[in-house]
Amino acid sequence: EDKVVQSPLSLVVHEGDTVTLNCSYEVTNFRSLLWYKQEKKAPTFLFMLTSSGIEKKSGRLSSILDKKELFSILNITATQTGDSAVYLCAVRERANAGKSTFGDGTTLTVKP
Amino acid sequence: GAVVSQHPSWVICKSGTSVKIECRSLDFQATTMFWYRQFPKQSLMLMATSNEGSKATYEQGVEKDKFLINHASLTLSTLTVTSAHPEDSSFYICSAYGLASGNEQFFGPGTRLTVL
């Protein structure tokens, strides 16, 4: 059975801090790993990672995948209160186009 | 990115009634749509995978007769919660995937169902 584990489950930081969110997985037929940000409604897409060692970056957010050790990290630098959300990691199988298994998420709270 | 809509965004119904939720891909053809359920402070749980023109594939533990899924066209999938009960109250989210969506699945905004 596919498994995605995120840590920590919750995190409280102050504005300006840097945070690292972790995602480890056990999946047969790995295709890609995805990071999402969920505020009050449905998740919004952040990154899709398919290759090891290649960092993806978008503003203050960056992510990298290690397919040998089966994990990924999501970094957020200079955090802002608007970064407060649940960050979800999901792993997609090679078969079953698009079918994804989600982790339980990390709830990030950024205090002013 | 591609746009996926859901309707209604929230619904309150009485126990025993049926509720239909629509998921539409607005600017691409969705060959596959996924239905998820999310309880408060929990992650997304995949309920079923729906391919256009064929029967949905349900995840283990999801009752096919209770959660009826229809994917009759490349832009529309529906989820009907039949004989709803309070324990069915949840946030239901669809996502759509197609070749033109850039190999990515896009989520609808979700439907909040409350069964009294």
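Computed from a predicted structure; not experimentally measured. (Residues numbered from 1 in each chain as written. Chains lettered and ligands numbered in written order. Predicted model: local features only at pLDDT ≥ 70, side-chain atom pairs only at ≥ 80, totals over all residues. Heavy atoms only, no water.)

> Help me understand the overall build of chain B, please; the structure alone is not making it clear to me.
When you go through chain B residue by residue, the secondary structure sums to zero helices and 11 strands. For 116 residues, the compact-globule estimate of 2.2 N^0.38 gives 13 Å, and chain B sits close to it at 13 Å. Along the three orthogonal principal directions, the C-alpha set of chain B runs to about 40 × 25 × 20 Å. Put simply, 55% of the contacts in chain B that link residues at least 6 apart link residues at least 24 apart. In chain B, 9 side chains carry a positive charge and 9 a negative one; their mean positions are 6 Å apart. (Helix = DSSP H or I, 4+ residues; strand = E, 2+ residues; numbered from the N terminus. Rg over C-alpha atoms; globule rule 2.2 N^0.38 Å. Contact = heavy atoms within 4.5 Å. Lys, Arg positive; Asp, Glu negative; His and termini not counted. Charge placed at Lys NZ, Arg CZ, Asp CG, Glu CD.)

> Looking at this structure, I do not really get the layout of surface pockets. What am I missing?
Over the atoms, a rolled probe matching the size of one water molecule traces out where space is still vacant. As a volume, the largest pocket reaches approximately 580 Å³. Lining of the largest pocket is provided by 21 residues; of these, Glu1, Asp2 and Thr101 of chain A together with Met45 and Glu59 of chain B occupy positions nearest its centre. Taken together, the residues of the lining of the largest pocket sort by class into seven nonpolar, six polar and eight charged. Computed from the structure, the second largest pocket encloses a volume of approximately 430 Å³. Mapped onto the lining of the second largest pocket, the elements with two or more residues apiece are strand 9 (85-93) and strand 11 (106-111) of chain A. When the residues that make up the lining of the second largest pocket are grouped by side-chain class, the tally is six nonpolar, seven polar and six charged. (1 Å grid on protein atoms, 1.4 Å probe; cavity = no way out; pocket = protein on both sides within 12 Å on 5 of 7 lines; lining within 4 Å. Points joined across faces, edges and corners; volume = space filled by probe spheres on them. Nonpolar A, V, L, I, M, F, W, Y, C, P; charged D, E, K, R; others polar.)

> I tried to follow the interface of chain B and chain A on my own but got confused; where do I start?
Where interface size is quoted, it is often the accessible area lost as the parts come together. With 18 residues of chain B in contact, the opposing surface of chain A contributes 18 residues. Carbon and sulfur atoms make up 53% of the area that chain B and chain A hide from each other, which totals about 1500 Å². If you look at where chain B meets chain A, you find three residue pairs in polar contact (both at pLDDT 80 or more). Of all the elements in the fold, those that place two or more residues in the side of chain B that touches chain A are strand 4 (32-38), strand 9 (90-97) and strand 10 (105-107) of chain B. Considered class by class, the residues forming the side of chain B that touches chain A number nine nonpolar, seven polar and two charged. (Buried area = accessible area lost by both parts, 1.4 Å probe. Polar contact = N/O pair within 3.5 Å; in protein donor to acceptor, adjacent residues only side chain to side chain.)

> What is the right way to look at the pattern of salt bridges in this model?
Side chains bearing opposite charge may pair, as long as their charged atoms lie close to each other. Residue and element names in this part refer to chain A. Scanning the model with the defined rule gives three salt bridges over all chains in all. Across the salt bridge formed by aspartate 83 and arginine 60, the nearest N and O atoms sit 2.8 Å from each other. Separated by 23 residues along the polypeptide, aspartate 83 in the loop between strand 8 (71-76) and strand 9 and arginine 60 in the loop between strand 6 (56-58) and strand 7 (61-66) bring together distant segments of the chain. (Salt bridge = Lys/Arg side-chain N within 4 Å of Asp/Glu carboxyl O.)

> Would you explain the state of the cysteines in this entry?
Every disulfide links exactly two cysteines, by a covalent bond between their sulfur atoms. Residue and element names in this part refer to chain B. For the structure shown, the criterion picks out two disulfides over all chains. Bridging cysteine 23 to cysteine 94, the disulfide has an S-S length of 2.0 Å. Taking the sign of the torsion about the S-S bond as the criterion, the disulfide between cysteine 23 and cysteine 94, at about 80°, is right-handed. In this pair, cysteine 23 is assigned in strand 3 (residues 19-25) and cysteine 94 in strand 9, connecting sequence segments 71 residues apart. Cysteine 23 gets classed as buried once you look at its relative accessible area, which sits at 0%. Residue class for cysteine 94 comes out buried when judged on its relative accessible area of 0%. Of all cysteine sulfurs in the structure, the one in cysteine 94 sits closest to cysteine 13, which takes part in no disulfide; the separation is 18 Å. (Disulfide = S-S within 2.5 Å. Buried < 20%, exposed > 50% of the residue type's maximum accessible area, 1.4 Å probe, protein only.)

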